[in-house]
Amino acid sequence: MVVKNPSMIISHKHKFIFIKTVKTAGSSLEVFFARHCGPDDVLTLFDPPIEGHQPRNNEGSCNPSLNFMHIPFGPRLPGGASSVIVSVFTIICRPGCSAARPFRHLEQLFQVLRERNPWDKVLSHYHMHAYRLGGALSPRSILRQGKFPINYPRYTNPSRSRIIVDRVVRYENLPDELGEIFTRLNVPFDGDLGVRKKGHFRNDRTPYQLVFSPQQRQIVERVFAREIQLHGYRFAQAPNLEGMVNA
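Note that the coordinates shown come from a computational prediction; the quantities given were computed from them, not determined experimentally.

Draft legend 1. Fine view of helix α7 (residues 214–223). Burial in α7 covers these residues: Gln216, Ile219, Val220 and Val223. Buried residues in α7, looked at end-on, bunch into an arc of 95°, giving them a common side. Check the buried side of α7 and you find it contacts α4 (118–132), α5 (139–144), β6 (147–148) and α8 (225–231).

This is how it looks when you write it as structure tokens:
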């Protein structure tokens, strides 16, 4: 069975592990990384397939955490411990491939992923599903479903109290942080990832501050309490918000 979730890259060439998170524009970064990987690096399946990303050197399955946790208006976590380290170790590499290194070697690789302001992330999640349903969806209905793009089980310790990866790149600070990451990993970067895989999902760029009601804001705050605590996210004022309201 081919690995489908979570999608990841283990690069021995550049000495990093990239874990794809949900609704953080991680697809573009994954494809970019894949283009710079060596023949012995591990690339799991990208679903649906996209040009520039060819899975290789893995034949196993790993799914230590769900893409989404179903939470009916409150953070109730599934049992069991899961982490990025567990995710990596459960990959079964192709027999005889030099990518199948000892676990202690994998622990020495730089672990990186992306995260996003939860209110903006939920709004992006809404636009994706609204697009797939031809617009027949509202932010209220997506919140009522209780299905949220929660990522923190992928990068925290079993008690969910501490981040265990080396770097969580903030979606909001992407240009500056990516430059630092690529310099550290010795990956060529000219300032453009060159991939915009899912931009067609969202034509309406109204900021989340103008979309969510006070009650909806509180739902997101309650569900994503752990991510807000870990990263210090806030329901910030949008740029030129007053001008947009008065327009």
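Draft legend 2. Expanded view of the packing of α4 against α7. The geometry of α4 relative to α7 is characterised by a closest axis approach of 10 Å and an angle of 105° between their N-to-C directions. Viewed along their axes, α4 and α7 adopt a mutual orientation that is roughly perpendicular. When α4 is examined against α7, the residues Pro118, Trp119 and Val122 are found in contact with a partner set consisting of Arg217, Val220 and Glu221. Looking at the contact of α4 with α7 residue by residue, the class counts come to four nonpolar, no polar and two charged.

Draft legend 3. Quick look at the nonpolar core. The biggest cluster of nonpolar side chains holds 30 residues, and the ones touching the most others in it are Trp119, Val122, Leu143, Phe148, Phe212 and Phe224. At the level of elements, β1 (8–11), β2 (16–19), α4, α5 and α7 are the ones that each hand at least two residues to this core. Element by element, the count of residues in this core is highest for α4, at five residues. Excluding residues that lie within four positions of it along the chain, Phe224 makes contacts with Pro118, Lys121, Val122, Phe148, Pro149 and Ile150. Within the second largest apolar cluster, 19 residues are counted, among which are Phe16, Leu29, Phe32 and Leu193.

Parameters and conventions
- Residues numbered from 1 in each chain as written.
- Predicted model: local features only at pLDDT ≥ 70, side-chain atom pairs only at ≥ 80, totals over all residues.
- Heavy atoms only, no water.
- Buried < 20%, exposed > 50% of the residue type's maximum accessible area, 1.4 Å probe, protein only.
- Helix = DSSP H or I, 4+ residues; strand = E, 2+ residues; numbered from the N terminus.
- Arc of directions from axis to C-beta.
- Contact = heavy atoms within 4.5 Å.
- Axes fitted to C-alpha atoms, helices over the stretch in contact; angles between N-to-C directions.
- Parallel < 35°, antiparallel > 145°, perpendicular 65-115°, else oblique.
- Nonpolar A, V, L, I, M, F, W, Y, C, P; charged D, E, K, R; others polar.
- Core = buried A, V, L, I, M, F, W, Y, C linked by side-chain atoms within 4.5 Å.

Interpretation note: all reported values are geometric properties and have no functional meaning in isolation.
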